[in-house]
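Fold and contact review
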Amino acid sequence: MTPSNEFAARHIGPRTDDIESMLDVLGYPSLDAFIDAIVPGTIRLGRDLALAPGKTEAEVLAVMRALAAENQVFRSYLGQGYSNTLVPTVIQRNVLENPGWYTAYTPYQAEIAQGRLEALLNFQTMVSDLTGLPIANASLLDEGTAAAEAMAMTLAIVKHGAEAVYLVDANCHPQTIAVVRTRAEARGVQVVVRQPSEFEFDPSPAETGATGVAATVVGCLLQYPATDGAVHDWRDVCAKAHAAGALVTVATDLLALALLTPPGEWGADVAVGNSQRFGVPLGYGGPHAAFYATRDEFKRHIPGRIIGVSRDATGKPALRMALQTREQHIRRDKATSNVCTAQVLLAVMASMYAVYHGPDGIREIAERVHTRARQLADALRTLGYRVDHDRFFDTVAVTVEAAVRERVIAAALERKINLRRLGMNRIAIALDETVSEHDIADVVACFAIDREVTLAEPATMSAAAAFGSLARMSTYLTHPVFHRHRSETEMLRYMRGLEAKDLSLTAAMIPLGSCTMKLNATTEMIPVSWPEFGAMHPFAPVAQAAGYAELFRRLEADLCEITGFAAVSLQPNAGSQGEYAGLLAIGAYHRSRGDDHRTVCLIPMSAHGTNPASAVMAGMRVVVVASDARGNIDVDDLRAKAEANAANLAALMVTYPSTHGVFEGSIVDICTIVHASGGQVYMDGANMNAQVGLCRPGDIGADVCHLNLHKTFCIPHGGGGPGMGPIGVAAHLAPFLPDHPVIDLGHARSAGTVSSGPWGSPSILPISWIYIQLMGAAGLAHATKVAILSANYIARRLAGSYDLLYSGAHGLIAHECILDTRPFKESAGIDVEDIAKRLIDFGFHPPTVSFPVPGTLMIEPTESEPRAELDRFVDALLAIRDEIRAVERGDAPRDNNVLKHAPHTIEQVAADSWDHPYSRERAAFPVPGLRERKVWATVSRIDNAFGDRNLVCTCPPMEAYE
């Protein structure tokens, strides 16, 4: 083992002799001969990636330490939706830094996800209580995205004609306005940004222009408190909006709502914002969990994931994802949102912050922040400055002459303090829970310049005195979960107890097709917690973030080499957002050439559901391309539809290898056909784990491709997020990459802004760059080969017991395989869900169920799982097949067998009564190894239909659990 392959040998599960044995099973003399039989020669890279050899873990951490040292963490009072916070160390160590939490997957298998589901239900309850709205989801990507989703929901609810207008408060955070404007422009919605006092909900034809027909004002977005700190009373605006049939969305601050009347109590229909200041590091912009709450009547329109309370087969209360769990996969081009990734790990942290502090602690923090803000305002008034607002929460805005402003900003920088320039002659100072009286004195000294000032202790002031009729009178966080865990002992045991209810990569393989649940190595994760990366404000002067800038440059260069593209944008915060950003770039490119009419997007029938949803969000019209009998793109149908739509063709969206897990040999011809008709090729990079080091999207013919860093490049899924979906583009699309209103990214012809942060979620980008550095060119290519080998090994071992739905040349597949379990429905009354739930009894997370083909299992083992785990998984599926045969033979009843009642809980197995024809031992320990180590489902099979009929998405009263 040499330093150049030391880490790769630990990242890749199968040993050399395992690889040889697996190749023997498949009948190939070498790994290269095997790969040559799978990957078409026409697309092979033909050389090693131009990346450095793999480094040791110590070497890479030393490089990261040097990069971190180049970041200067000033005290940033810049606000705009981002605040410094004190992360309770018990939460940092036991959630953020705990693989039991960060390696878990989205809770689609609720029976082994009750812990994180409870934490997310706490998050929803926290959001619902503080916003005063009854329905909240389990997080979105960031505040800007949440506001854009609110606009989209408004469009879906409010009846309107051909033209729609959306009013936006000029005092919203600038990045929020930019994200909303970008989404609106793609949808053909006119955004009007002005002061809410000037909002007109019944505009005249002259005001809306264009067709001469008055457009419909469908809704408005307000900021509360405003970006400059002012706290306005928006009751009259709400009344006017509702009188005109429009909906009101309010972007707000959870901590402020501990003291201010919640939006739901004064008329808001939707409340959105960022939960970052509830114990989540700044991270130079992310990842952070956005919140979204709305009225009960809109619950079936809410985007993202809702955690609901249902019951299991025994009647015991149980949690699961409710309603539109994968709405974009079900409704596709009719979906109202393409949201796929949430920010679960960060939502868990925010919810635990509320559990840790409780309502009294949250209020005390809010009062302390507000008191410091009043102390600052009083001192500035003493110095003769004009404080702009009498009613504010944490942000003080001051009007000064331009020359004075620059002197103050310069004086602050000398003290390593960042203050916000606001307009031409204003300064804003946004305070947070970390601010001490010493910090206030330093800020005041910057304004005092050559004068002396003594800080006065602010007079005690009640919320009613500070905010008048906008003072909060209602209670919040009343559920016992927010009152029980005051000591660290109780808090630790609560979090550990929830963790024990879940299955993560710490316990077993998670063989989900299309999701690539691979090793998230400890070394990759370590810098995430370093303050040099975690404590940076996203809008700090770029000169203070030289380490981050160099990290971005190096990561972008590596991703360009891996993909074959000319440029990369790191801004998209999820794969679905990467799709959207890539299509926006394609649309902007066409418009730059005068081809505004190019709006048709060809999408194969087999595509991920986010593809058509993203295309519609980007303002395109979807035309579906058929699949052939082998699951490949029907090239003749593609050619016919490309030619028929040649005048208006914008793009083709194609996943490679295909969603069916096959390297389609026609991919180069497919790209040529689309280009010949004037279109661009968008490649969905969800399956990039089968390409790295073997072929490159840019060489194949793609013009843009998004990369799921939370799949191929080792950012952990975190129970359903964070994710990252940067896009690589060919040179002609580079000018149209996303830009940002606060930090200039240099894309003058940008298609817009897709995320609140300029670089998405920077604090997790070190994970992917470290992975690339540790693996090196040879390690990355070897990992890809082993991932493909492992999938084929599983498929071959299962041959004869399960039918492989699709395969490519020589009966081989790419990095994932689809097993057809549909025949068992007729032969034994066993469906795919029964098999999935039975796998839980064997200690595994089930593969992807019923996607992309209903009634099937899609399996992706990745390169990180050792052969012993692959064999354990195969043996489990073979044992399940024997159980199905028992039903087929009549040895087990069709309606009362071990599969129909899976998963089995320890409570059921230990109960006094047992009314099944199979033994308790057969139910709980189908193979001997489970006696030594087993992950138990904590609830039996959940009744999803009951939960949707009786939707409860906040913590129910404790009586419900009795």
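Being a predicted model, the structure only gives us computed values, none of them experimental.

The number of helices and strands found in the protein is 32 helices and 25 strands. Scaling as 2.2 N^0.38, a compact globule of 962 residues should have a C-alpha radius of gyration of about 30 Å, and the protein matches this with 28 Å. Across its three principal axes, the protein shows a C-alpha extent of roughly 85 × 70 × 65 Å. Taking all 962 residues of the protein together, 65% fall into the buried category. Expressed as a percentage of contacts within the protein between residues at least 6 apart in sequence, the contacts between residues at least 24 apart total 76%. With an accessible surface of roughly 31,900 Å², the protein has 50% of that area assigned to carbon and sulfur atoms. Computed over 83 positive and 107 negative side-chain charges, the separation of the two mean positions in the protein equals 1 Å.

Moving on, we come to the pairing of strand β25 (residues 856-859). Here β25 shows a buried face lined by T856 and M858 and a second buried face lined by L857 and I859. Two strands pair when backbone bridges link them, and strand β23 (residues 817-820) and β25 are joined in this way by four bridges, in the antiparallel orientation. Note that in β25 the partner of L819 across the bridge is L857. Of the pairings in the sheet, the one linking strand β24 (residues 848-849) to β25 comprises two bridges and is antiparallel in character. Across the sheet, T848 pairs through a bridge with M858, a residue of β25.

Turning our eyes to something else, we now look at the sheet that holds strand β19 (residues 680-684). Across the sheet, which stays open at both edges, the seven strands sit in the order β15-β21-β20-β19-β18-β16-β17 with mixed pairing between neighbours. Of all the strands in the sheet, the pair left with one neighbour each is β15 (567-569) and β17 (621-625). When the angles between neighbouring strand axes are averaged without regard to direction, this sheet yields 25°. Inspection of the sheet shows strand β20 (residues 704-706) paired to strand β21 (residues 727-729) by three bridges, in the antiparallel sense. By the bridge assignment, H706 is partnered in β21 with I727. Together, β18 (649-655), β19, β20 and β21 form the strand contacts of helix α21 (residues 575-592), whose direction differs from that of β19 by roughly 175°.

For the coordinates displayed, the defined rule picks out 51 salt bridges. Between E364 and R368 there is a salt bridge, with its nearest N and O atoms 2.8 Å apart. Of this pair, E364 and R368 are both found in helix α13 (residues 344-382), four residues apart, which corresponds to roughly one turn of the helix. K900 is the salt-bridge partner of D834, the closest N and O atoms lying 2.8 Å from each other. Of this pair, D834 sits in helix α28 (residues 832-841) while K900 sits in the loop between α29 (867-889) and α30 (906-909), and the two are 66 residues apart along the sequence. Judged by its relative accessible area of 1%, D834 falls in the buried class.

It is worth spelling out empty space enclosed by the protein at this point. In this structure the tally under the stated criterion is 10 cavities of 30 Å³ or more. Approximately 260 Å³ is the volume found for the second largest cavity. For the lining of the second largest cavity, the class distribution of residues is six nonpolar, 12 polar and five charged.

With that out of the way, let us pick up the nonpolar core. The nonpolar side chains of soluble globular proteins are, as a tendency, buried together. Residues F34, M126, M352 and F663 are the most contacted members of the largest nonpolar core, which totals 236 residues. It is helix α26 (residues 765-798) that contributes the most residues to this core, 19 residues altogether. Formed by 36 residues, the second largest nonpolar core is a distinct cluster that contains I135, A150, M153 and V158.

What follows is about the side chain of S763. Within the element layout of this structure, S763 appears in the loop between β21 and α26. With a relative accessible area of 7%, S763 lands in the buried category. If we ignore the near neighbours within four places in the chain, the residues touching S763 are G283, G286, P287, V528, F533 and Y548.

In this chain, Y656 is followed by P657 through a cis amide linkage whose omega measures -15°. Structurally, P657 can be placed in the loop between β18 and α24 (667-676). Each neighbour pair has its own omega, and for F851 with P852 the value is 5°, a cis peptide bond. By the element assignment, P852 lies in the loop between β24 and β25.

Below, the discussion takes up α13. Across its 39 residues, α13 extends only 46 Å between first and last C-alpha, which sits more than 12% below the 57 Å expected from 1.5 Å per residue. Taking the largest bend as the criterion, α13 deviates by roughly 95°, centred on G358, and proline P359 comes between one and four positions later. Counted residue by residue, α13 has 28 buried out of 39 residues, so it is predominantly covered. G384 lies just past α13 and shows a positive phi near 95°.

So, about the sheet that holds strand β5 (residues 216-224). In spatial order, the strands read β2-β8-β7-β6-β5-β3-β4; together these seven strands make up an open sheet with mixed pairing. Each edge of the open sheet carries a strand with a single partner, namely β2 (135-136) and β4 (189-194). Sheet topology note: the strand β6 (residues 247-252)/strand β7 (residues 270-274) ladder contains four bridges and is parallel. Within β7, the position partnered with T249 by the bridge is V270.

A few words on the packing of aromatic side chains. Under the defined criterion, the tally for this structure stands at 21 aromatic pairs. Between F199 and F201 the ring centres are 6.1 Å apart and the planes differ by 85°, which places this aromatic pair in the edge-to-face class. F199 gets classed as buried once you look at its relative accessible area, which sits at 5%. Judged by centre distance (4.6 Å) and plane angle (15°), the rings of Y284 and Y548 are stacked. Taken together, the residues Y284 in the loop between β7 and β8 (290-294) and Y548 in helix α20 (residues 546-563) connect sequence positions 264 residues apart. A residue is classified by how much of its surface remains accessible, and Y284, at 2% relative accessible area, is buried. Three or more aromatic residues joined by ring pairs form one cluster here, namely Y284, W530, F533, Y548, F552 and W759. One cation-aromatic arrangement involves R65 over W530; the distance from NZ or CZ to the ring centre is 3.7 Å. In this structure, R311 packs its charged tip against the face of F946, placed 3.9 Å from the ring centre.

With that settled, the discussion passes to the side chain of K711. Within the secondary structure layout, K711 lies in the loop between β20 and β21. The charged side chain of K711 is buried without a salt bridge, its nearest counter-charge being D684 at 6.5 Å. Looking at K711, its side chain comes within polar contact range of the main-chain oxygen of S514, at 2.6 Å. Setting aside residues no more than four positions away along its own chain, K711 makes contact with S514, C515, T516, K518, A686 and H717.

So, about the pairing of β7. The buried count for β7 comes to five of five residues, which makes it a mostly enclosed element. Where burial is concerned, the two faces of β7 agree: the one with V270, V272 and N274 and the one with A271 and G273 are both buried. Bridge count between β7 and β8: five bridges; the pairing is antiparallel. Opposite V272, over in β8, you have Y292 as the bridge partner.

Where α21 meets helix α22 (residues 610-617), the closest approach of the two axes is 9 Å, and the angle between their N-to-C directions is 45°. Regarding the angle of α21 to α22, the classification is oblique. α22 is crossed by α21, and the crossing has right-handed handedness. Residues S576, E579, Y580 and L583 of α21 form the contact with α22, whose participating residues are T610, N611, S614, A615 and M617. Residue composition of the contact of α21 with α22, grouped by class: four nonpolar, four polar and one charged.

Cut-offs applied
Residues numbered from 1 in each chain as written. Predicted model: local features only at pLDDT ≥ 70, side-chain atom pairs only at ≥ 80, totals over all residues. Heavy atoms only, no water. Helix = DSSP H or I, 4+ residues; strand = E, 2+ residues; numbered from the N terminus. Rg over C-alpha atoms; globule rule 2.2 N^0.38 Å. Buried < 20%, exposed > 50% of the residue type's maximum accessible area, 1.4 Å probe, protein only. Contact = heavy atoms within 4.5 Å. Areas by Shrake-Rupley, 256 points an atom, 1.4 Å probe, with all protein chains shown as cover. Lys, Arg positive; Asp, Glu negative; His and termini not counted. Charge placed at Lys NZ, Arg CZ, Asp CG, Glu CD. Pairing = 2+ DSSP bridges. Axes fitted to C-alpha atoms, helices over the stretch in contact; angles between N-to-C directions. Salt bridge = Lys/Arg side-chain N within 4 Å of Asp/Glu carboxyl O. 1 Å grid on protein atoms, 1.4 Å probe; cavity = no way out; pocket = protein on both sides within 12 Å on 5 of 7 lines; lining within 4 Å. Points joined across faces, edges and corners; volume = space filled by probe spheres on them. Nonpolar A, V, L, I, M, F, W, Y, C, P; charged D, E, K, R; others polar. Core = buried A, V, L, I, M, F, W, Y, C linked by side-chain atoms within 4.5 Å. Expected span 1.5 Å × (residues − 1). Bend = angle between axes of the 7 residues up to and from the residue. Phe/Tyr/Trp six-rings, centres within 6.5 Å; stacked < 30°, edge-to-face > 60°. Lys NZ or Arg CZ within 6 Å of the ring centre and 35° of its normal. Polar contact = N/O pair within 3.5 Å; in protein donor to acceptor, adjacent residues only side chain to side chain. Parallel < 35°, antiparallel > 145°, perpendicular 65-115°, else oblique. Left-handed = near helix turned anticlockwise from the far one by under 90°.

Functional significance is not addressed by these values, which are geometric in nature.
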